[in-house]
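# Architecture and fold: a report
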Amino acid sequence: MKSKSINPNLNLFPVAAGVWGMKDVFVNLYMILNPDDNSWVLVDTGLKWSAGKIRRMSELIFGEGARPSAILLTHGHFDHTGSVAALAEEWDIRVYAHHLELPYLMGVSSYPPADTTVGGGLFADLSFLYSRKPIDISKRVAALPADGTVPGLPDWRYLHTPGHTPGHVSLFREKDKVLISGDAVVTTKAESFWFTALQLKKISGPPKYLTSDWLSSAASVEVLAALEPDIIASGHGKPIRGNGMRKSLHNLADHFQKLAVPFHGRYIHQPALSDDSGVVHIPPRNTYDTSAPT
């Protein structure tokens, strides 16, 4: 492997031993080393035009022609799967996701509509523009093992952390308590353009505009807080570590309704419902919503 120097032109950042991240415009992706055999796994794939950046990141860290043993998706939203089809084909590798996420990755079901009424900033206001259509990587994707193990990463386990999406997962390495939380918990205010652009740090609940089950989200944050992580690397924002982070995470879990759930929104009283076939019920659009499609 090459030296693990960081290239600022690619917005790379170190997370922990054998873990590197890259900020792709407004969303993060990660590469994780398996020290047993020097293989590695890519976690999420950023935006649809980012395959070249991801390839350059992999070669900077792991050497020319490097390819991962697998791709793992925390969930299937457009900003986490944009380059997955191109990279999986180019690298000829398997993609893994939770089984409840598969309908959105096999061309079967769209996600529930975004909720523009949650407030908080420009990203929320413009969320009706974000794609919720499924992608079809059915020839490449497989369900994660039911026992919580992570293919290619024996030191890690995944936790089902639904709410933001039905099959959302987070990753945890027990030996040094590194948590890759995806969008179950984020480390900035994802609704705000300025928080995201300036990478201002704030332990926050999932991005409000694409979260369709707040009760499940609250339970997922409790699960993550109980891990007592030493560092959180999330789908949006810079990694945060230490005792202050843990206190903020527990505070979020204890006061989730006040700190994370929007004052009004399409899904705060009734979640979107889904099963292994995808979305089966979407609550009606609320009276505040004048822009989002039904």
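Relevant structure appears above.
Pairing geometry for strand E14 (residues 273-275) and strand E15 (residues 278-281), over 3 bridges, is antiparallel. Paired with aspartate 275 across the two strands is glycine 278, which belongs to E15. In this structure, the hairpin formed by E14 and E15 is closed by a connection of 2 residues.

The subject of this paragraph is the sheet that holds strand E11 (residues 178-182). Strand pairing in a sheet relies on backbone hydrogen bonds, with the paired strands running either antiparallel or parallel. Sheet architecture is open: 6 strands sit in the order E8-E9-E10-E11-E12-E13, paired in mixed fashion. Strand pairing shows two members of the sheet lacking a second neighbour, strand E8 (149-150) and strand E13 (240-241), which therefore form its edges. Here strand E12 (residues 231-234) runs beside E13; their pairing, made up of 2 bridges, is antiparallel. Among the inter-strand pairings, isoleucine 232 is bridged to a residue of E13, identified as isoleucine 240.

Moving on: the nonpolar core. In terms of nonpolar packing, the biggest core is built from 28 residues, with Met31, Leu42, Ile54, Met57, Phe62, Ile71 and Val95 touching the most fellow members. Elements with a contribution of two residues or more to this core: strand E2 (19-24), strand E3 (27-34), strand E4 (39-43), helix H1 (51-62), helix H3 (84-91) and strand E6 (94-97). Setting aside chain neighbours within four positions, we find valine 95 in contact with Ile71, Leu73, Val84, Ala88, Ile137, Arg140, Val141 and Ala142.

What counts, and where the lines are drawn
In this convention, every chain numbers its residues from 1, walking through the sequence in written order. Local features in a predicted model are, by the rule used here, given only for residues with pLDDT of at least 70; side-chain atom pairs are given and counted only at 80 or more, and totals for whole chains, interfaces and linings are based on all residues. The side-chain figures draw on all heavy atoms in the structure; neither hydrogens nor water molecules are used. When DSSP locates at least two bridges between a pair of strands, those strands are taken to pair. Each helix is a run of DSSP H or I of at least 4 residues and each strand a run of E of at least 2, with the numbering of both proceeding from the N terminus. Definition used in this section: a nonpolar core is a set of buried Ala, Val, Leu, Ile, Met, Phe, Trp, Tyr and Cys residues joined via side-chain atoms within 4.5 Å. Relative accessibility under 20% of the residue-type maximum defines a buried residue, over 50% an exposed one, and the middle range a partly exposed one, all with a 1.4 Å probe and only protein chains included. By the convention used here, residues are in contact when the closest approach between their heavy atoms is within 4.5 Å.

Keep in mind these numbers describe shape, not what the thing actually does.
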